[in-house]
Amino acid sequence: MSDHLLVERQGAIATVVLNKPAAHNAISIDMYRDLPGLVADLDADKGVKVVVFRGAGQKAFASGADISEFERERGNAEAARNYNEHVAAAERAIEGLTKPTIAMIHGYCIGGGAGLALSCDIRFADERARFAITPAKLGLVYSLESTKRVVDLAGPSRAKWILVSGQQIQAERAFQLGLFDELYPVEELEKATYEFAELITTRAQFSVRMGKEMVRRVVSGQLQDDEETVRIRNSSFDTEDYAEGVRSFLAKRSPRFTWS
């Protein structure tokens, strides 16, 4: 695994750290290559219930792609296509995690950093954060999948504004546009992020993951229940966590869920 990707664990919360603080956590091709395998391991680990993605330090989530690699990895059309395949695979892997994902955004969230953050389920940011999607500054075209993530959050006309301008968006405006879900002072962001992650770990995990799956289906265009969604909903009644939820509700106590 890339030396610039770290995995830290605290109870049922895993944190993936983009660890290149001297370069504002710019994302290298090796980091993109390694992310799908790393994410798959976390998804398979029953001890992990929530995954937080962050950059090292407080200056940047990620400032974009590593420009020191640009000529070697993206200097011609064939290399650029290969590079984009690795980017897309990393973003799909994060989006496809069955467990909830939170991007904790300190400072810059630009280009490739924005792509990774948008692949997460939820984005918590600090008040100094800056967000930008920059293909129009490089003569590139954003992929359909990546574009859809922007449209789903900000709407079509605002997504066009973001894409055609490539401008940096200040934290408050990004929050208003729906790109960020929560906004905190710099010194409060980490505490708030992990408190929310910890809250998720106390909930019924079958409900958490299947709720995420239902949202995925809605965003993908499904409008009515089908056999699979009915099966998912009805199967929740067979879980021990449902029985525990009923018992705790009737006993007026906090539930002790065990499904992982």
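What you see is a predicted model, and the numbers here were worked out from it, not measured in a lab.

## A closer look at the nonpolar core
In this structure, Phe53, Phe61, Ile105, Phe131, Ile133, Leu179 and Phe180 are the most contacted members of the largest nonpolar core, which totals 48 residues. Among the elements that line this core, the one with the most residues is helix H1 (residues 29-44), at 7 residues. Excluding residues within four positions of it along the chain, phenylalanine 180 makes contact with Ile105, Arg123, Ala125, Ala129, Phe131, Ala171, Ala174 and Phe175. Core analysis: the second largest hydrophobic core is formed by 11 residues, Val50, Phe124, Ala197 and Ile200 among them.

## Brief notes about the sheet that holds strand S8 (residues 130-132)
Taken in spatial order, the 4 strands of this open sheet run S4-S6-S8-S9, and their pairing is mixed. Bordering the open sheet on either side are strand S4 (60-62) and strand S9 (169-170), each of which pairs with just one other strand. Strand direction decides the pairing type here: S8 and S9, joined by 2 bridges, are antiparallel. Opposite phenylalanine 131, over in S9, you have isoleucine 169 as the bridge partner. Helix H4 (residues 112-119) contacts S4, strand S6 (108-110) and S8 of the sheet and is inclined by roughly 90 degrees relative to S6.

## Some details on the pairing of strand S7 (residues 122-126)
Along S7, 4 of the 5 residues are buried, which leaves the element largely enclosed by surrounding structure. Bridge analysis of strand S5 (residues 101-105) against S7 gives 4 bridges, and the strand direction is parallel. The residue of S7 that forms the bridge with isoleucine 102 is isoleucine 122. Note: S7 against strand S10 (residues 182-184), 3 bridges, orientation parallel.

## Some points on the environment of lysine 49
Its place among the elements puts lysine 49 in the loop between H1 and strand S3 (50-55). It is 8.8 Å that separates the C-alpha atoms of lysine 49 and alanine 197, two residues lying 148 residues apart in sequence.

## Focus on the packing of helix H9 (residues 205-219) against helix H10 (residues 227-235)
Interhelical geometry of H9 versus H10 gives an angle of 160 degrees and a closest axis separation of 11 Å. In terms of orientation, H9 lies roughly antiparallel with respect to H10. Between H9 and H10 the crossing geometry is left-handed. Here Phe206, Met210, Glu213, Met214 and Arg217 of H9 lie close against H10, whose contacting residues are Glu228, Thr229, Ile232 and Ser235. Of the residues assigned to the contact of H9 with H10, the class counts are 4 nonpolar, 2 polar and 3 charged.

## Points about the pattern of salt bridges
Overall, the coordinates contain 18 salt bridges when judged by the stated rule. When the shortest N-O distance is used, the salt bridge between arginine 149 and glutamate 95 registers 3.0 Å. Here arginine 149, found in helix H5 (residues 144-154), pairs with glutamate 95, found in helix H3 (residues 77-96); they are 54 residues apart in sequence, far enough to count as distant. Exposure remark for arginine 149: the relative accessible area of 6% places this residue in the buried category. Put simply, lysine 191 and glutamate 195 hold a salt bridge, and the shortest N to O gap is 2.5 Å. A residue pair is termed a helical-turn pair when its members lie 3 or 4 positions apart in one helix, as lysine 191 and glutamate 195 do in helix H8 (residues 186-201) at 4 residues. Among the charged side chains, a salt-bridge network with shared partners connects Glu213, Arg216, Arg217 and Asp226.

## Focus: the packing of aromatic side chains
Applying the stated rule across the entire model yields 6 aromatic pairs. Taking the centre distance of 5.9 Å and the plane angle of 80 degrees together, the rings of tyrosine 32 and tyrosine 83 count as edge-to-face. Of this pair, tyrosine 32 sits in helix H1 while tyrosine 83 sits in helix H3; the two residues are 51 residues apart in sequence, bridging distant segments of the chain. Each of the two residues, tyrosine 32 as well as tyrosine 83, counts as buried. Through a chain of ring-to-ring contacts, three or more aromatic side chains come together here, namely Phe124, Tyr184 and Phe196.

## Here's the deal with the sheet that holds S5
Strand order in the open sheet formed by 6 strands is S1-S2-S3-S5-S7-S10, and the pairing between neighbours is mixed. A strand with exactly one partner marks an edge of an open sheet, and here the two such strands are strand S1 (5-10) and S10. Direction aside, neighbouring strands of the sheet carry axes that sit 20 degrees apart on average. Taken together, the 6 bridges between strand S2 (residues 13-18) and S3 define a ladder with parallel strand orientation. Counted as the bridge partner of leucine 18 is glycine 55 from S3. Sheet strands in contact with H1 are S1, S2 and S3, and its direction is about 25 degrees off that of S1. Across the sheet, H4 lies against S2, S5 and S7, angled at about 145 degrees from S5, the strand it touches most.

Reading the values: the criteria
- Throughout this document, residue positions are counted from 1 along each chain, in the order its sequence is written.
- Two thresholds apply to this predicted model, a pLDDT of at least 70 for residue-level local features and 80 or more for giving and counting side-chain atom pairs, whereas whole-chain, interface and lining totals are computed over all residues.
- Note that the side-chain values use all heavy atoms of the structure and ignore hydrogens as well as water.
- Throughout, nonpolar core names a set of buried Ala, Val, Leu, Ile, Met, Phe, Trp, Tyr and Cys residues whose side chains join them through atoms within 4.5 Å.
- Type-normalised accessible area, obtained with a 1.4 Å probe on protein chains alone, sets the label of each residue: buried when under 20%, exposed when over 50%, and partly exposed for intermediate values.
- Helix and strand assignments come from DSSP, with helices taken as H or I runs of at least 4 residues and strands as E runs of at least 2, each series counted from the N terminus.
- For this analysis, residues touch if any pair of their heavy atoms sits within 4.5 Å.
- We call two strands paired when DSSP finds no fewer than two bridges between them.
- To get an axis, fit a line to the C-alpha atoms, keeping to the stretch in contact for a helix; angles then go from 0 to 180 degrees between the N-to-C directions.
- Between 65 and 115 degrees an angle is taken as roughly perpendicular, under 35 as roughly parallel, over 145 as roughly antiparallel, and anywhere else as oblique.
- By definition, turning the near helix anticlockwise from the far helix through less than a right angle yields a left-handed crossing, and turning it clockwise yields a right-handed one.
- Residue polarity is assigned by list, with Asp, Glu, Lys and Arg as charged and Ala, Val, Leu, Ile, Met, Phe, Trp, Tyr, Cys and Pro as nonpolar; anything else, Gly included, falls into the polar class.
- Any Lys or Arg side-chain nitrogen found within 4 Å of a carboxyl oxygen on Asp or Glu counts as a salt bridge.
- Aromatic pairing here means that ring centres of Phe, Tyr or Trp (its six-membered ring) are within 6.5 Å. Orientation follows from the plane angle: under 30 degrees is stacked, over 60 is edge-to-face, and everything else is tilted.

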